[in-house]
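# Understanding the architecture of this molecule
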Amino acid sequence: MSVNIPVKPNSVRAPDTQRVDLLLIAEMVVPGSRVLDVGCGDGTLLRILAEKQAVDGRGIELSHAGVSSCVAQGLAVIQGNADTDLAYYPDLAFDYAILSQTIQATHNPRLVLEQLLRIGKRAVVSFPNFGHWRVRTQLMFGGHMPRTDNLPESWHDTPNIHFCTIKDFLALCDDLGARVERAVALNAYGTKLVSMPLFAQNLFGEQAVFLLSR
Amino acid sequence: MNENPAAESFAEKAKRLAQGANPQSEIVHFPADEPLPLDSGGSLAPLSIAYQTYGTLNADKSNLLLVCHALTGDQHAANLNPLTGKPGWWDTMIGPGKPIDTDRYFVLCPNVIGGCMGSTGPSSINPATSNAYGPDFPVITVRDMVRAQARLLDHLGIDQILSVIGGSMGGMQVLEWAATYKDRVFSAVPIACAARHSSQNIAFHEVGRQAVMADPDWREGRYLDEGKSPRKGLAVARMAAHITYLSDATLHDKFGCKLQDREKVTFGFDADFQVESYLRHQGKAFVDRFDANSYLYITRAMDYFDIAADHDGVLAKAFAGTKTRFCVVSFTSDWLFPTEESREVVHALNAVAAKVSFVEVQSNKGHDAFLLHEPELFDTIRGFLSAAARERGVVFADGGA
């Protein structure tokens, strides 16, 4: 990537792990397609998608700093809220509606996912897996809300209000009748956990990336 | 005022008025047999449009930025204003190396029709009477203003606009351009505006108009013929309007409740408070540079602005099929054109899957923030224009792309 923009300190994306998860998302997107990145932060993924896959990309971002940074780079990003602003897009307006590391920060993840599946022919969702063993051990033996390199904020100042595990997310997909076309769990080093049973992926996967369709 | 208007020929008088209002602008005159059709059903002829340009048009005419001015603005966006001697209203934004970079772009800023700085308006000569139009000037709309600008571009032989940019009423013109001339507008930057004028804003305008009309020197709009000017009425209109351009925070920061050149209140109606003195000054300075009837006609044009109404009441329809890239900007403390109204435009653009950026700039400066040095606004416009130029494949004079 030719452009290097420092990740803003409050970003839910940690700088190191984000690359792998973003590259994995970029891999799932067919070149030249129309993409909406919901919660696009400082535009890193949109830039990767533009450079690697020549997509026609749009973004929605809540933070002033993120939007300003995106627009100043020439990205088509609107200041908006995943919970409220997706309703204004027409059905199937995009080939892909992407929610990268954002679903856990929405007020109504179920509704947001429904909207993604409505406005995108496919939805791509990535999130930090709260079923990871480090998270489980901190709660089990530390007796406090987990804080990891990937999720550094304290419980009282985190934007992440709806954590889920890989298992939880699969249940929601099932509930919404979403078809899982691909599901990839990544460990702390960004390595894909292949040929592992679900319980193991849910234990060792720090990130998960899902490609969904209706 | 000429003692004997009849002694002066129409052409002489028109020339004198145009030059008096506008010593430094280019003016294009369209003859009487090329009338400009108006939304009201009437037409305007002959038609003059005064404009300023900055920078150089490139070989394939692809670097034109059209800058649209606000209600009381004029074409002097980035040069010394010949009437006030002050820098142009967007001097901070337009210039070499500035966000609207005149080293790269060719910037054109026309005076709107209905205005009083050289474009045809109520103070221009009515060919039917050889006197100023006054109240006989036809009521114009924002779309009429834009139609006149399109005619100016045709005259200059420029078909495509790289970006049309403006704040407040200038932003309304931007939206109108994008809705009416989809094929000519590559990108659009509507700032601090709305797709229609709100009831609250119409109400403020009506207060201003009534203040002008209540001035006995308004003379039913024929004050120019009688050598008068409704200065007091227009000043009051400006004072009331000026408050709407600011924010409570700005007023407080600027004035608090501080007294003007005195230790204590006078128990009278002098300008005891600094804010009163400031507003009186604003009113007075305004009447020296603006025509009262122009104020009436242009505020009316804004009141009538409602893009959705022209498209079956559905704003999105106005932009259906648009290829234009949009960058919508609002300001957090703008209560005249609140962010919510910009968001409505964004939602309509989303509904037609337009390529749109939207930034709500954090500022406590109120509506006037668009005229001030707001770094977030500057970065946004600079970045958006650079990207638009890149996507359009503009080759700049210095060879850079």
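Please read these numbers as outputs of a predicted model, since none were measured by experiment.

## Let's talk about the overall build of chain B
Across its full length, chain B holds eleven helices and 14 strands. A compact globule built from 401 residues would reach a C-alpha radius of gyration of about 21 Å, and chain B, at 21 Å, matches this within 12%. On the principal axes, the C-alpha backbone points of chain B span a range of 60 × 55 × 45 Å. Per-residue burial for chain B yields a buried fraction of 56% across its 401 residues. The long-range share in chain B, meaning contacts at least 24 apart out of those at least 6 apart in sequence, stands at 71%. Summed over all atoms, the accessible surface of chain B reaches about 16300 Å², with 53% contributed by carbon and sulfur. For chain B, the distance from the average position of its 37 positive side-chain charges to the average position of its 48 negative side-chain charges is 1 Å.

## Quick notes on the overall build of chain A
Summing up its helical and strand segments, chain A has eight helices and seven strands in all. Counting every position in chain A, which comprises 214 residues, the buried fraction comes to 56%. Relative to all contacts within chain A whose residues are 6 or more apart in sequence, the contacts with residues 24 or more apart total 68%. When the accessible area of chain A is evaluated, it comes to approximately 9300 Å², of which 58% is carbon and sulfur surface. Looking at chain A, you have 19 positive and 21 negative side-chain charges, and the mean spots of the two groups are 4 Å apart.

## Side note on the pairing of strand S3 (residues 76–79) of chain A
Taken residue by residue, a regular strand's side chains alternate between the two faces of the sheet. All names here are of chain A. Every second residue of S3 is oriented toward a common face, with Ala76 and Ile78 on one face and Val77 and Gln79 on the other, all of them buried. The sheet contact formed by strand S2 (residues 56–61) and S3 spans four bridges and is parallel. When the sheet's bridge partners are listed, Glu61 is paired in S3 with Gln79. Regarding the hand of the β-α-β motif, the stretch spanning S2, helix H3 (residues 64–72) and S3 is right-handed.

## Some thoughts on the interface of chain B and chain A
At the junction of the two partners, chain B supplies 24 residues and chain A supplies 21 residues. Of the roughly 1700 Å² buried at the junction of chain B and chain A (both faces included), carbon and sulfur atoms supply 52%. The largest contributions to the chain B side of the interface with chain A come from B:His347, B:Asn350 and B:Lys355, which together make up 29% of the buried area. Run the count over chain B and chain A and you get two salt bridges. Note that B:Arg343 is salt-bridged to A:Asp85, the shortest N-O span being 3.8 Å. Inspection of the region where chain B meets chain A yields 13 residue pairs in polar contact (both at pLDDT 80 or more). For the side of chain B that touches chain A, the secondary-structure elements that each account for two or more residues are helix H10 (339–351), strand S14 (355–361) and helix H11 (375–392) of chain B.

## Overview of the nonpolar core
With 112 residues, the main nonpolar core has A:Phe169 and B:Trp177 as its most contacted residues. Core analysis: the next-biggest nonpolar cluster, separate from the first, contains 43 residues, B:Leu65, B:Ile100, B:Val189 and B:Ala369 among them.

## As for a nonpolar patch on the surface
The grouping of A:Trp133, A:Met196 and A:Phe204 at the surface amounts to a nonpolar patch, some 260 Å² of accessible area in total. As for its placement among the helices and strands, A:Trp133 is situated in helix H6 (residues 133–142).

## Notes on the packing of aromatic side chains
Evaluated as defined, the whole model comprises 16 aromatic pairs over all chains. Ring geometry for B:Tyr105 against B:Phe396: centres 5.6 Å apart, planes inclined by 80 degrees, an arrangement best described as edge-to-face. Residue B:Tyr105 is found in the loop between strand S7 (100–101) and strand S8 (106–110), and its partner B:Phe396 is found in the segment after H11; the two are separated by 291 residues along the sequence. Of the two residues examined, B:Tyr105 and B:Phe396, each falls in the buried class. In this structure an aromatic cluster arises from ring pairing among A:Phe127, A:Phe169 and A:Phe210. The cationic tip of B:Arg151 hangs over the ring face of B:Phe30; the distance from NZ or CZ to the ring centre is 5.9 Å. A cation over an aromatic ring shows up here: B:Arg238 above the ring of B:Phe286, its NZ or CZ 4.6 Å from the ring centre.

## Some points on the environment of B:Asn81
Residue and element names in this part refer to chain B. Positionally, Asn81 belongs in the loop between strand S5 (64–68) and strand S6 (94–95). Overall, Asn81 belongs to the buried group, its relative accessible area being 8%. Separated by 27 residues in sequence, Asn81 and Leu108 have C-alpha atoms that sit 16 Å apart. Once residues lying within four places of it in the same chain are set aside, the contact partners of Asn81 are Asp74, His76, Lys86 and Met117. Among the polar contacts listed, one links the side chain of Asn81 to the side chain of Asp74, at a separation of 2.9 Å.

## Notes on helix H7 (residues 274–287) of chain B
Residue and element names in this part refer to chain B. For H7, with 14 residues, the first-to-last C-alpha span of 20 Å sits near the 20 Å given by 1.5 Å per residue. For H7, the full list of buried residues reads Tyr278, Leu279, Gln282, Gly283, Phe286 and Val287. All buried residues of H7 fall inside an arc of 165 degrees around its axis, so they share one side. If you follow the buried residues of H7, they end up packed against helix H5 (231–245), helix H6 (248–255) and helix H8 (292–303).

## Some points on the confidence of the model for chain A
Across chain A, the average pLDDT comes to 90, with 92% of residues at or above 70. Between residues 1–15 of chain A, whose pLDDT stays under 50, and residues either more than four places distant or in other chains, the model counts 36 contacts.

## What about the pairing of S8(B)?
Residues and elements named next belong to chain B. Extensive coverage of S8 is indicated by the burial of five of its five residues. What you see with S8 is no split at all: Phe106, Leu108 and Pro110 on one side and Val107 and Cys109 on the other are buried throughout. Taken together, the four bridges between strand S4 (residues 47–54) and S8 define a ladder with antiparallel strand orientation. What sits directly across from Tyr51, in S8, is Pro110. Of the strand pairs in this sheet, S5 and S8 are connected by three bridges, and their pairing is parallel.

## So, the packing of helix H5 (residues 109–119) of chain A against helix H7 (residues 166–176) of chain A
Residue and element names in this part refer to chain A. Interhelical geometry of H5 versus H7 gives an angle of 55 degrees and a closest axis separation of 11 Å. With respect to their mutual orientation, H5 and H7 come out oblique. The way H5 lies across H7 gives a crossing that is right-handed. Contacts between H5 and H7 involve Arg110, Leu113 and Glu114 from the former and Phe169, Leu172, Asp175 and Leu176 from the latter.

Parameters and conventions
Residues numbered from 1 in each chain as written. Chains lettered and ligands numbered in written order. Predicted model: local features only at pLDDT ≥ 70, side-chain atom pairs only at ≥ 80, totals over all residues. Heavy atoms only, no water. Helix = DSSP H or I, 4+ residues; strand = E, 2+ residues; numbered from the N terminus. Rg over C-alpha atoms; globule rule 2.2 N^0.38 Å. Buried < 20%, exposed > 50% of the residue type's maximum accessible area, 1.4 Å probe, protein only. Contact = heavy atoms within 4.5 Å. Areas by Shrake-Rupley, 256 points an atom, 1.4 Å probe, with all protein chains shown as cover. Lys, Arg positive; Asp, Glu negative; His and termini not counted. Charge placed at Lys NZ, Arg CZ, Asp CG, Glu CD. Pairing = 2+ DSSP bridges. Right-handed = clockwise from strand over helix to strand, strands pointing away. Buried area = accessible area lost by both parts, 1.4 Å probe. Salt bridge = Lys/Arg side-chain N within 4 Å of Asp/Glu carboxyl O. Polar contact = N/O pair within 3.5 Å; in protein donor to acceptor, adjacent residues only side chain to side chain. Core = buried A, V, L, I, M, F, W, Y, C linked by side-chain atoms within 4.5 Å. Patch = residues over 30% accessible without salt bridge, like charges linked within 9 Å, V, L, I, M, F, W, Y side chains within 5 Å. Phe/Tyr/Trp six-rings, centres within 6.5 Å; stacked < 30°, edge-to-face > 60°. Lys NZ or Arg CZ within 6 Å of the ring centre and 35° of its normal. Expected span 1.5 Å × (residues − 1). Arc of directions from axis to C-beta. pLDDT = per-residue confidence, 0-100. Axes fitted to C-alpha atoms, helices over the stretch in contact; angles between N-to-C directions. Parallel < 35°, antiparallel > 145°, perpendicular 65-115°, else oblique. Left-handed = near helix turned anticlockwise from the far one by under 90°.

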